[in-house]
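# Structural description and commentary
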Amino acid sequence: MQVGAALSEIILGLDPGSRRAGFGLIRVRAERLEHLDHGIIRLNEKLSLAERLKRLQEELHKIYCQFPVTTTVVEKIFFGKNADSAFKLGHARGVCLLVSAQHGVQLEEYAARYVKKCVTGSGAASKDHVQLVLMNLLGLRGGPLAFDASDALALAVTHARVKDAKALVRKVLEENV
């Protein structure tokens, strides 16, 4: 994929959860997307919510220390039918926002349907379709990714594409002034 980034940028996509949190890291460099890492932060369900959130904070801190992240991307909150789950997700999301701010990293948020549309062309795409496109786009080999990790990578790719589109619009507007 071609993107118009002059400098190297590392984008961290986060798919927060109170039991599992997905992360995906890409680098935008020399007009290319490069996969750096992805995975799942597993949070022991036997621990209290507060203890799981503390572990999430610790694991995210390790990622920020390992990679010079320039932008963090988190999915906009989605309100499902279960209020308790939504509140727990909100707490996990808050930890993601906090750790990003603690590391002085720019934060962006996108809705799930928008992410699917940016990655696949359809806001109604299945998780399997998103994953297949991402694996091809980033040159990932092997079996399927965990959905939490592919959701996080999709967030990072979406931001790279949005940023590139905004830069192109700015350039066209400047040329026509």
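The rules behind the values
- Residues numbered from 1 in each chain as written.
- Predicted model: local features only at pLDDT ≥ 70, side-chain atom pairs only at ≥ 80, totals over all residues.
- Heavy atoms only, no water.
- Phe/Tyr/Trp six-rings, centres within 6.5 Å; stacked < 30°, edge-to-face > 60°.
- Buried < 20%, exposed > 50% of the residue type's maximum accessible area, 1.4 Å probe, protein only.
- Helix = DSSP H or I, 4+ residues; strand = E, 2+ residues; numbered from the N terminus.
- Expected span 1.5 Å × (residues − 1).
- Contact = heavy atoms within 4.5 Å.
- Polar contact = N/O pair within 3.5 Å; in protein donor to acceptor, adjacent residues only side chain to side chain.
- Axes fitted to C-alpha atoms, helices over the stretch in contact; angles between N-to-C directions.
- Left-handed = near helix turned anticlockwise from the far one by under 90°.
- Nonpolar A, V, L, I, M, F, W, Y, C, P; charged D, E, K, R; others polar.
- Pairing = 2+ DSSP bridges.

So, about the packing of aromatic side chains. According to the stated counting rule, one finds one aromatic pair in the structure shown. A ring pair is formed by Tyr110 and Tyr114, whose centres lie 5.8 Å apart and whose planes are at 20°; its orientation type is stacked. Judged by its relative accessible area of 39%, Tyr114 falls in the partly exposed class.

Compared with the 28 Å implied by 1.5 Å per residue over 20 residues, the 28 Å span of helix 2 (residues 83-102) between its first and last C-alpha is a close match. Of the positions making up helix 2, those classed as buried are Ala86, Ala92, Arg93, Val95, Cys96, Val99 and Ser100. As for helix 2, its buried residues are in contact with strand 1 (9-15), helix 1 (49-66), strand 4 (71-75) and strand 5 (106-110). For helix 2, the capping residue at the N-terminal end is Asn82, with a side-chain oxygen 3.0 Å from the backbone nitrogen of Asp84. Immediately beyond the C-terminal end of helix 2, within one or two residues, lies Gly104, with a positive phi of roughly 65°.

Now for the packing of helix 1 against helix 2. Where helix 1 contacts helix 2, the two axes come as close as 10 Å, and the packing angle between them is 35°. Crossing geometry of helix 1 relative to helix 2 is assigned as right-handed. On the side of helix 1, the interface is formed by Leu49, Leu53, Leu56, Gln57, Leu60, His61 and Tyr64, while helix 2 contributes Lys88, His91, Ala92, Val95, Cys96, Val99, Ser100 and Gln102. Its residues assigned to classes, the contact of helix 1 with helix 2 shows nine nonpolar, five polar and one charged.

Right, let's talk about the pairing of strand 4 for a bit. Two faces make up the sheet, and in a regular strand the side chains alternate between them. Counting buried positions over the five residues of strand 4 gives four, a clear majority of the element. By the bridge criterion, four bridges tie strand 1 to strand 4 in an arrangement that is parallel. Residue pairing across strands places Leu12 opposite Thr72, the latter belonging to strand 4. In this sheet, strand 5 lies alongside strand 4 in parallel orientation, the contact comprising five bridges.

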